[in-house]
Amino acid sequence: MSAGTYSPRPGAAPLPRMIAAQTALETRMLLRNGEQLLLTVIIPTLLLVLFSAVDVIDTGSGEPVDFLTPGILALAVMSTAFTGQAIATGFERRYGVLKRLGASPLPRWALMTAKTLSVLVTEVLQIVLLTVIAFALGWSPHGGPVAVLLLLVLGTAAFSGLGLLMAGTLKAEATLAAANLVFLLLLVGGGVIVPLDKFPEGVQSVLGLLPISALSDGLRDVLQHGASVPWGDLGILAVWSVLGLGAAARFFRWE
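Below: a short report on this structure.

## What about the overall build of the chain?
1) Next: Counting its regular elements, the chain contains ten helices and zero strands.
2) Next: Shown N-terminal to C-terminal, the secondary structure of the chain runs as helices and strands in the order α-α-α-α-α-α-α-α-α-α.
3) Next: Whereas a compact globule of 255 residues would reach a radius of gyration of roughly 18 Å, the chain reaches 20 Å, a difference of no more than 12%.
4) Next: Projected onto its principal axes, the C-alpha coordinates of the chain cover approximately 85 × 35 × 35 Å.

## Let's talk about the pattern of salt bridges
1) Next: By the definition in use, this model includes four salt bridges.
2) Next: We note a salt bridge from Lys115 to Glu26, for which the minimum N-O separation is 3.3 Å. Here the residue Lys115 occupies a position in helix α5 (residues 108-136), and Glu26 occupies one in helix α1 (residues 15-32), the gap between them amounting to 89 residues.
3) Next: Assessed through its relative accessible area of 5%, Lys115 is described here as buried.
4) Next: Owing to a relative accessible area of 9%, Glu26 belongs among the buried residues under this scheme.
5) Next: Lys115 is the salt-bridge partner of Glu92, the closest N and O atoms lying 2.6 Å from each other. Residue Glu92 is found in helix α3 (residues 64-94), and its partner Lys115 is found in helix α5; the two are separated by 23 residues along the sequence. Neither Glu92 nor Lys115 differs from the other in exposure class; each is buried.
6) Next: Residues joined in a network through salt bridges with shared partners are Glu26, Glu92 and Lys115.

## Comments concerning the packing of helix α2 (residues 34-53) against α5
1) Next: Packing of α2 against α5 leaves a shortest axis separation of 11 Å and a crossing angle of 20 degrees. Here α2 lies roughly parallel to α5, going by the angle between them. α2 and α5 meet at a crossing whose hand is right-handed. Across from Thr40, Val41, Pro44, Thr45, Leu48 and Val49 in α2, the residues of α5 making contact are Gln126, Leu129, Leu130, Ile133 and Ala134.
2) Next: Tallied by class, the residues present in the contact of α2 with α5 amount to eight nonpolar, three polar and no charged.

## Quick look at the packing of aromatic side chains
For any pair of aromatic rings, geometry is given as the distance between the ring centres together with the angle between the planes.
1) Next: Scanning the model with the defined rule gives four aromatic pairs in all.
2) Next: Aromatic side chains Phe91 and Tyr95 sit 6.2 Å apart centroid to centroid with 35 degrees between the ring planes, which places their arrangement in the tilted category.
3) Next: On the basis of relative accessibility, which here comes to 21%, the residue Phe91 falls in the partly exposed class.
4) Next: The cationic tip of Arg108 hangs over the ring face of Trp254; the distance from NZ or CZ to the ring centre is 4.5 Å.
5) Next: Over the ring of Phe67 we find Arg220, and its NZ or CZ is 3.8 Å from the ring centre.

## Focus on the packing of α1 against α5
When two helices pack together, their arrangement is given by the angle between the helix axes and by the axis-to-axis distance.
1) Next: Between α1 and α5, whose axes approach to 8 Å, the crossing angle comes to 50 degrees. As far as their axial angle goes, α5 and α1 are oblique. Relative to α5, the crossing made by α1 is right-handed. Touching Leu15, Ile19, Gln22, Thr23, Glu26, Thr27, Leu30 and Leu31 of α1 are Trp109, Ala110, Leu111, Thr113, Ala114, Lys115, Leu117, Ser118, Val121, Thr122 and Leu125, all from α5.
2) Next: Here the residues of the contact of α1 with α5 sort into eleven nonpolar, six polar and two charged.

Definitions and limits used
Residues numbered from 1 in each chain as written. Predicted model: local features only at pLDDT ≥ 70, side-chain atom pairs only at ≥ 80, totals over all residues. Heavy atoms only, no water. Helix = DSSP H or I, 4+ residues; strand = E, 2+ residues; numbered from the N terminus. Rg over C-alpha atoms; globule rule 2.2 N^0.38 Å. Salt bridge = Lys/Arg side-chain N within 4 Å of Asp/Glu carboxyl O. Buried < 20%, exposed > 50% of the residue type's maximum accessible area, 1.4 Å probe, protein only. Axes fitted to C-alpha atoms, helices over the stretch in contact; angles between N-to-C directions. Parallel < 35°, antiparallel > 145°, perpendicular 65-115°, else oblique. Left-handed = near helix turned anticlockwise from the far one by under 90°. Contact = heavy atoms within 4.5 Å. Nonpolar A, V, L, I, M, F, W, Y, C, P; charged D, E, K, R; others polar. Phe/Tyr/Trp six-rings, centres within 6.5 Å; stacked < 30°, edge-to-face > 60°. Lys NZ or Arg CZ within 6 Å of the ring centre and 35° of its normal.

Here it is as structure tokens:
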């Protein structure tokens, strides 16, 4: 008896197709989650509209929207790459989803790649929405897109590494509490809405080393002041990216 050709043929799909399918699934799950939408879309949008329209915080000379928009873009990156990803991955780990996916034909590194791509897709949607709203409020950006892209990519890598590190080492409930607490603390003390020069000098030097401060200040230097490439802020984000992703790869527990 000769071997026949059967269709469908059992077996794993090509790796790029598996990654694309998992990315689409991760993105749909993220956008369908009400809490994640609150963090990634509603809160940044409300903050941008509220503080641009109401003169509550002294943002210096110029229009408030010109100061606020770069910080809100940085907040959007943090909310998706760090807070949202940490909480979602933490509960997937608790319920055994990661363990089962790790035993599937999809390699573990490919699963993390799909999660990262999902974060990037969500960030693109956030940035487009916030940019449209900022333009409607009278935003006048400056600078070049290359520097902005570098800042956003390194900021995403830094926050993604820290989020995965938290999700892979803490219990899900602890991750939920810690991620939301860090989000609130960095919202207040990361130069997103309140300028860093409003803090005491000793505190400024410490806050300036945080990834959210480097991202918001770097974006502000480019988009508000027309700087070319903010190398200092890029360096801080690069260090956080290496430390965060390296620690996540080393200490992440799948069970």
